[in-house]
Amino acid sequence: MDNIDRYAGICIGNLDRSRDQIASLDTKTRAHLRELAYGLSTIIPKTSDSDEAELFRRDYSELCVPLDHRERITLCGYICEKSPRISERLLELRPNSSEVTVVYVKNALSDIAFEHFSKEFERAQVYYADNFESALEDVYYSRADHAILPLSSSRNGLMLHFLELIMRYEMKIALSCEVHSITDDSENRFVLLSKSNICFPKKEGESREFEFILSDASRQLPRVICAAQEYGCKLLFVQTMPSRDTALIRYEVSQSDADALCLYLFLETPGHIPVGLYRAL
């Protein structure tokens with residue numbers, strides 16, 4: 001029994017020393033990551049679509065070859081500490097206008113969605129389109145500032161046809177709202193779309209959401225989910241499309257590090273398409 005006690009004591013002592021070494025190594029690793037983050041924060045591009053942006057991605061990729069995935073996640077968070085509000089630069093967020101023109105296909109649910117969205121403007125003029133495609137075409141060619149589209153419902157799920165239209169016309173979600181249908185007792189999600197990422201002032205009690213399309217989803221999706229969890233983002237929706245190896249993902253980012261997630265996606269998944277960083281009314 002004495003021999004067992006001595007042997008166990010040696011083992012426990014070794015474990016304690018190993019833990020101390022691991023903790024010391026983790027502290028040193030984080031210190032080096034902070035130093036690297038400071039250097040990288042000085043060369044962050046002003047926009048995501050430029051030669052400067054490609055150079056930044058290349059430098060990041062070359063410097064981070066020795067780092068594992070979790071260290072890269074941590075590094076992106078540290079870079080954002082040195083360069084706050086980076087999502088506004090990467091997504092090229094623009095302030096909302098006080099007077100706008102809105103187009104949509106008229107029906108009872110769209111009328112309710114317009115009522116919700118119009119409260120965000122001092123003046124919102126409206127006209128009606130014959131179909132959803134012509135509504136988006138008017139925004140694309142600057143004949144209107146915004147279009148309203150349904151994107152999903154509790155009854156039918158994600159409406160892929162409308163998502164394809166949003167992608168085809170390169171639209172961005174500026175606002176979203178839920179509309180209840182009395183006829184079938186369903187909840188329907190409508191979005192206000194524009195050509196650019198629009199930044200509306202934050203309001204008490206409303207959530208902020210980030211939505212994007214991920215390519216190479218079979219490989220990248222688990223990595224992105226891991227990073228988003230680390231940054232405190234709450235997963236609201238994910239729809240995979242295996243035939244295209246893509247996924248539509250939506251996170252609530254009201255109480256999280258949205259900047260870090262935006263930067264991580266920009267650096268680690270350059271093929272992703274931001275659909276919008278917006279308020280959910």
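Residues numbered from 1 in each chain as written. Predicted model: local features only at pLDDT ≥ 70, side-chain atom pairs only at ≥ 80, totals over all residues. Heavy atoms only, no water.

(A) Just the side chain of S186, in detail. One can find S186 in strand 7 (residues 186–194). Not counting the four nearest positions on each side in its chain, S186 is found in contact with S154, R155, V179, H180 and S181. (Helix = DSSP H or I, 4+ residues; strand = E, 2+ residues; numbered from the N terminus. Contact = heavy atoms within 4.5 Å.)

(B) Structural detail: the packing of aromatic side chains. Here the structure, examined in full by the defined rule, presents eight aromatic pairs. Centre to centre, the rings of Y104 and Y128 are 5.3 Å apart; their planes meet at 80°, and the pair counts as edge-to-face. Here Y104, found in strand 2 (residues 99–104), pairs with Y128, found in strand 3 (residues 123–128); they are 24 residues apart in sequence, far enough to count as distant. For Y128, a relative accessible area of 43% gives the class partly exposed. Ring centres of F212 and Y251 lie 6.4 Å apart, and the angle between their planes is 15°; on these two criteria the pair is classed as stacked. Linking F212 in strand 9 (residues 207–215) with Y251 in strand 11 (residues 246–252), this pair joins segments that are 39 residues apart in sequence. For the pair F212 and Y251, one class covers both residues: buried. Taken together, the ring pairs connect Y104, F114 and Y128 into an aromatic cluster. Over the face of the ring belonging to Y78 we find R34, whose NZ or CZ atom lies 4.0 Å from the ring centre. (Phe/Tyr/Trp six-rings, centres within 6.5 Å; stacked < 30°, edge-to-face > 60°. Buried < 20%, exposed > 50% of the residue type's maximum accessible area, 1.4 Å probe, protein only. Lys NZ or Arg CZ within 6 Å of the ring centre and 35° of its normal.)

(C) Highlighting unusual backbone geometry. One non-glycine residue with positive phi stands out, namely S142, at about 65°. Inspection of the secondary structure puts S142 in the loop between helix 6 (132–140) and strand 4 (146–153). A positive phi angle is found at D216, which is not glycine, with a value near 55°. Turning to its location among the elements, D216 is positioned in the loop between strand 9 and helix 8 (217–230). With a relative accessible area of 31%, D216 lands in the partly exposed category.

(D) Quick look at the pairing of strand 6 (residues 172–181). The element strand 6 is largely enclosed, with a buried count of eight among its ten residues. Inspection of the sheet shows strand 6 paired to strand 7 by nine bridges, in the antiparallel sense. Bridged to L175 within strand 7 is L192. Counting the residues in the hairpin turn of strand 6 and strand 7 gives four residues, including D185, whose phi is positive at 60°. When strand 6 meets strand 12 (residues 273–280), the two strands line up parallel, connected through two bridges. What sits directly across from S176, in strand 12, is A280. (Pairing = 2+ DSSP bridges.)

(E) Region of the structure containing the layout of surface pockets. In this structure, the largest pocket spans a volume of roughly 680 Å³. In terms of lining, the largest pocket is formed by 25 residues, of which the most central are S48, E92, K172, N197 and P274. Of all elements in the fold, only helix 7 (160–168), helix 9 (258–268) and strand 12 reach the threshold of two or more residues within the lining of the largest pocket. The greatest single-element share of the lining of the largest pocket, amounting to three residues, is contributed by helix 9. Class assignment for the residues of the lining of the largest pocket results in 14 nonpolar, four polar and seven charged. In this structure, the second largest pocket occupies an estimated 470 Å³ of space. K202, R208, V253, S254 and R279 are the residues nearest the centre of the second largest pocket, which is lined by 27 residues in total. Looking at the lining of the second largest pocket, the element that brings in the most residues is strand 12, giving three residues. (1 Å grid on protein atoms, 1.4 Å probe; cavity = no way out; pocket = protein on both sides within 12 Å on 5 of 7 lines; lining within 4 Å. Points joined across faces, edges and corners; volume = space filled by probe spheres on them. Nonpolar A, V, L, I, M, F, W, Y, C, P; charged D, E, K, R; others polar.)

(F) Here's a closer look at the packing of helix 3 (residues 69–82) against helix 8. At a minimum axis distance of 10 Å, the contact between helix 3 and helix 8 shows a crossing angle of 45°. Compared by their axis directions, helix 3 and helix 8 come out oblique. In the crossing of helix 3 with helix 8, the sense of the turn from one axis to the other is right-handed. Side by side, helix 3 and helix 8 meet where H69, R70 and I73 of the first sit next to R223, C226, A227 and E230 of the second. A per-class count over the contact of helix 3 with helix 8 returns three nonpolar, one polar and three charged. (Axes fitted to C-alpha atoms, helices over the stretch in contact; angles between N-to-C directions. Parallel < 35°, antiparallel > 145°, perpendicular 65-115°, else oblique. Left-handed = near helix turned anticlockwise from the far one by under 90°.)

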